[in-house]
Amino acid sequence: RFTRHIAYCILCCMRLTISLPDQLAHKFLATVPSRQRSATIARLLAYELARCEQSIEAACHAANADEALSAEIDEWQAFDDVLDDAGTS
């Protein structure tokens, strides 16, 4: 006897309301077919988020390479703040 297991894949989506300038909204509606609008917005948003993440990553690498900043961080981390039992230092 064979038992067939069916796996269902449920894609979760979130509806968002966004505001666009009139001129941009009219151009978008005139240019992108209605059944492609959500996918187009998702693709453009994913691209822009990736660009932002790359920018943040580059800034982190630059900050990590800054020797003066690294020395200052080491200096701050060298403080040994000990709290007593009452919760005050």
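Look a little higher up for the structure.
Residues numbered from 1 in each chain as written. Predicted model: local features only at pLDDT ≥ 70, side-chain atom pairs only at ≥ 80, totals over all residues. Heavy atoms only, no water.

Visitor: So, the overall build of the protein chain: which residues are in play, and what are the values?
Guide: Looking only at helices and strands, the protein chain has three helices and zero strands in total. Counting from the amino terminus, helix and strand elements in the protein chain follow one another as α-α-α. Accessible surface for the protein chain amounts to roughly 9,300 Å². Of this, 57% is attributable to carbon and sulfur atoms. (Helix = DSSP H or I, 4+ residues; strand = E, 2+ residues; numbered from the N terminus. Areas by Shrake-Rupley, 256 points an atom, 1.4 Å probe, with all protein chains shown as cover.)

Visitor: Summarise the pattern of salt bridges; cite the residues concerned and give the values.
Guide: Enumeration according to the criterion identifies one salt bridge in this entry. Note that glutamate 48 is salt-bridged to arginine 51, the shortest N-O span being 3.3 Å. One end of the pair, glutamate 48, and the other, arginine 51, are both in helix α2 (residues 37-65), three residues apart, so they sit about a helical turn from each other. (Salt bridge = Lys/Arg side-chain N within 4 Å of Asp/Glu carboxyl O.)

Visitor: So what about a nonpolar patch on the surface? Which residues, and what values?
Guide: On the surface, a nonpolar cluster with roughly 620 Å² of combined accessible area is contributed by Met14, Leu16, Ile18, Leu20, Leu24 and Ile41. In this fold, leucine 16 is placed in the segment before α1 (22-31). Note on leucine 16: relative accessible area 63%, which makes it exposed. (Patch = residues over 30% accessible without salt bridge, like charges linked within 9 Å, V, L, I, M, F, W, Y side chains within 5 Å. Buried < 20%, exposed > 50% of the residue type's maximum accessible area, 1.4 Å probe, protein only.)

Visitor: I'd love a proper account of the packing of aromatic side chains, names of residues and values included.
Guide: Within the structure shown, the criterion is met by one aromatic pair. Centre to centre, the rings of tryptophan 76 and phenylalanine 79 are 5.5 Å apart; their planes meet at 55 degrees, and the pair counts as tilted. When its relative accessible area of 51% is taken as the criterion, phenylalanine 79 is described as exposed. (Phe/Tyr/Trp six-rings, centres within 6.5 Å; stacked < 30°, edge-to-face > 60°.)

Visitor: Can you break down the layout of surface pockets residue by residue, with the values?
Guide: Size it by volume and the largest pocket reaches roughly 610 Å³. Lining the largest pocket are 15 residues, with Met14, Leu16, Ser38, Ile41 and Ala42 positioned closest to its centre. At the level of elements, α1 and α2 are the ones that each hand at least two residues to the lining of the largest pocket. Taken together, the residues that form the lining of the largest pocket break down as 12 nonpolar, one polar and two charged. If you add up the space inside the second largest pocket, you get close to 180 Å³. For the second largest pocket, the full set of lining residues is Ile18, Leu20, Leu24, Lys27, Phe28, Thr31, Val32, Ile41 and Leu44. Looking at the lining of the second largest pocket, the elements with two or more residues in it are α1 and α2. (1 Å grid on protein atoms, 1.4 Å probe; cavity = no way out; pocket = protein on both sides within 12 Å on 5 of 7 lines; lining within 4 Å. Points joined across faces, edges and corners; volume = space filled by probe spheres on them. Nonpolar A, V, L, I, M, F, W, Y, C, P; charged D, E, K, R; others polar.)

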